[in-house]
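Remarks on the overall topology
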Amino acid sequence: MQRTVVTINSNGRQSASFIRVASALGWQVRAQMRDLNGVVAQEISELENVTVYLGRLEDRKFLDDLFKGAHYAFINTTHWGDEVAIGRSLADAAKKAGIQHYIYSSMPDHSVFDQPWRSLPLWAPKFTVEQYIRQIGLPATFVYCGIYHNNFTGLDFPLFRMECQDDGSFVWQAPFHPDMPLPWLDSEHDVGPAIFQLFKEGPRKWNGKRVPLAFASMTPREVCRAFSRGLGRTVRYKRGGVMINVPTPIGYREHLSALEYTLGEKGAPYFGPDIEPDCPAAALELWEGNRSMEEYAREVFPVEEAANGLTWMEEGEAHAQSQHPGLNNGIHGISGLADQLNQARL
């Protein structure tokens, strides 16, 4: 039986990763996007078995049309607009359409635990939406994505900047304890296969479950060692405050401040204490072909950096990061910071 699955924000990393897998395996994908701007949007729109639905998630009639007759849905809301209201409307439309398995990309609200932790502003709304989905009785599974490998950049963005030094080495500065385990995944490579497997195994196994989607638990020191092996260069971790040197929305600044306090100062588990122990075993049971941090550093990071106009990877140009890269033409650039904010896995 041919399956039809709904995705939203379909040019984002999570949705695009799943769409590539589902469409290749013959599923019919209804891919919601607000517009077709950008390389990823164009790529997704040209894939076989994909029908693009252009429209706004605030439009209830549009949502009814999007879900009508579909079987499954993979939903990753973002903070653009009223995320809670949109999340509830999506769940209502899915419930009305009789969606058989609804996979929602959630995140924890650290303030609900009996600890002196602050909630993270870009995460807590997802947890609120998750509770609503449970309340209305949708057959649903909740995936909690770890930190993207793809967040690392040589550009001057907060939190995950790999800053190239004069001698060609790199320094990553972040507020995490050097020996604090953190969950990691390559979003573009590994989200899709894992989500597809959840759909295959179905709600009989996964209804109501929270699944930490991270394929490695690595400390900042271990991450830097993996990067060093992949790049063939010294990569050093430096614990310090979040550096904000580019125009950054106030909401993201507040998120970074809460992250620095909750995960940095207080050392709270990234996913919270309830599902953190299941990482990375739960994800590896779904998909064993994941891309490691070392593989990412060796095979993908230099390509993304070159697309952003950086040239440190070229022979004899270890100092070229001091030049002015073409921010608007690369994978990251200004749109890259927006994508980081959009995914909120920071």
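As recorded in an unreviewed UniProt entry, the protein chain goes by the name NmrA-like domain-containing protein, listed as coming from Epicoccum nigrum.

**A few points about the overall build of the protein chain**
For the protein chain, the helix and strand inventory stands at 13 helices and 13 strands. The globule rule puts the C-alpha radius of gyration for 346 residues at 20 Å, and the 20 Å found for the protein chain is close to it. Relative to its 346 residues, the protein chain shows a buried fraction of 55%. Sequence-distant contacts in the protein chain: of pairs separated by 6 or more residues, those separated by 24 or more amount to 74%. Each charge class in the protein chain can be summarised by its mean position, and for the 33 positive and 41 negative side chains these summaries are 6 Å apart.

**Overview of the packing of helix H3 (residues 60-67) against helix H4 (residues 83-97)**
Look at H3 against H4: their axes get within 9 Å of each other, and the N-to-C directions meet at 45°. For the element pair H3 / H4, the angle class is oblique. As H3 packs across H4, the resulting crossing turns out to be right-handed. Across the interface between the two elements, Arg60, Leu63, Asp64 and Phe67 from H3 touch Ser89, Leu90, Ala93, Ala94, Lys96 and Ala97 from H4. For the contact of H3 with H4, the residue count by class is 6 nonpolar, 1 polar and 3 charged.

**What about the sheet that holds strand S3 (residues 50-54)?**
Here 7 strands make up an open sheet; going across it, the order is S3-S2-S1-S4-S5-S6-S11 and the pairing parallel. The outermost strands of the open sheet, each flanked by one partner alone, are S3 and strand S11 (210-213). Adjacent strand axes in the sheet meet at a mean angle of 20°, parallel and antiparallel pairs treated alike. Where strand S2 (residues 28-33) meets S3, 5 bridges bridge the pair, whose relative direction is parallel. Bridged to methionine 33 within S3 is leucine 54. In this fold H3 packs onto strand S1 (4-7), S2, S3, strand S4 (72-75) and strand S5 (101-106), with an angle of close to 165° to the strand it touches most, S2.

**Brief notes about the sheet that holds strand S8 (residues 162-164)**
Strand order in the open sheet formed by 3 strands is S8-S9-S13, with mixed pairing between adjacent strands. Each edge of the sheet is formed by a strand with only one pairing partner; in this case those strands are S8 and strand S13 (235-239). Within the sheet, the average angular offset between the axes of one strand and its neighbour, ignoring direction, is 30°. Direction of pairing for strand S9 (residues 170-174) relative to S13: parallel, over a ladder of 5 bridges. In the strand pairing of S13, valine 171 is matched with arginine 236. The strands that helix H8 (residues 220-231) touches are S8, S9 and S13; relative to S13, the one it contacts most, it runs at about 160°.

**So, the nonpolar core**
One finds Phe67, Tyr102, Phe152, Trp172, Phe176, Trp184 and Phe227 to be the most contacted residues of the largest nonpolar core, which totals 75 residues. The next biggest cluster of nonpolar side chains, apart from the first, holds 33 residues, and it includes Ala16, Ala41, Val143 and Ala283.

**A word on H4**
Compared with the 21 Å implied by 1.5 Å per residue over 15 residues, the 21 Å span of H4 between its first and last C-alpha is a close match. Along H4, the residues that are buried comprise Glu83, Val84, Ile86, Gly87, Ser89, Leu90, Ala91, Ala93 and Ala94. Structurally, H4 contributes buried residues whose contacts are with H3, S4, S5 and helix H5 (124-135). Positive backbone phi, at 75°, marks glycine 98, one or two positions downstream of H4.

**A few points about the packing of helix H1 (residues 13-24) against helix H6 (residues 187-201)**
The contact between H1 and H6 brings their axes to 7 Å, and the two run at 60°. Comparing their axes, H6 and H1 come out oblique. In this structure, the crossing between H1 and H6 has a hand that is right-handed. Residues Arg13, Gln14, Ser17, Phe18, Arg20, Val21 and Ala22 of H1 form the contact with H6, whose own contacting residues are Ser187, Glu188, His189, Asp190, Val191, Gly192, Pro193, Ile195, Phe196 and Phe199. In the contact of H1 with H6, the residues fall into 8 nonpolar, 5 polar and 4 charged.

Parameters and conventions
- Residues numbered from 1 in each chain as written.
- Predicted model: local features only at pLDDT ≥ 70, side-chain atom pairs only at ≥ 80, totals over all residues.
- Heavy atoms only, no water.
- Helix = DSSP H or I, 4+ residues; strand = E, 2+ residues; numbered from the N terminus.
- Rg over C-alpha atoms; globule rule 2.2 N^0.38 Å.
- Buried < 20%, exposed > 50% of the residue type's maximum accessible area, 1.4 Å probe, protein only.
- Contact = heavy atoms within 4.5 Å.
- Lys, Arg positive; Asp, Glu negative; His and termini not counted.
- Charge placed at Lys NZ, Arg CZ, Asp CG, Glu CD.
- Axes fitted to C-alpha atoms, helices over the stretch in contact; angles between N-to-C directions.
- Parallel < 35°, antiparallel > 145°, perpendicular 65-115°, else oblique.
- Left-handed = near helix turned anticlockwise from the far one by under 90°.
- Nonpolar A, V, L, I, M, F, W, Y, C, P; charged D, E, K, R; others polar.
- Pairing = 2+ DSSP bridges.
- Core = buried A, V, L, I, M, F, W, Y, C linked by side-chain atoms within 4.5 Å.
- Expected span 1.5 Å × (residues − 1).

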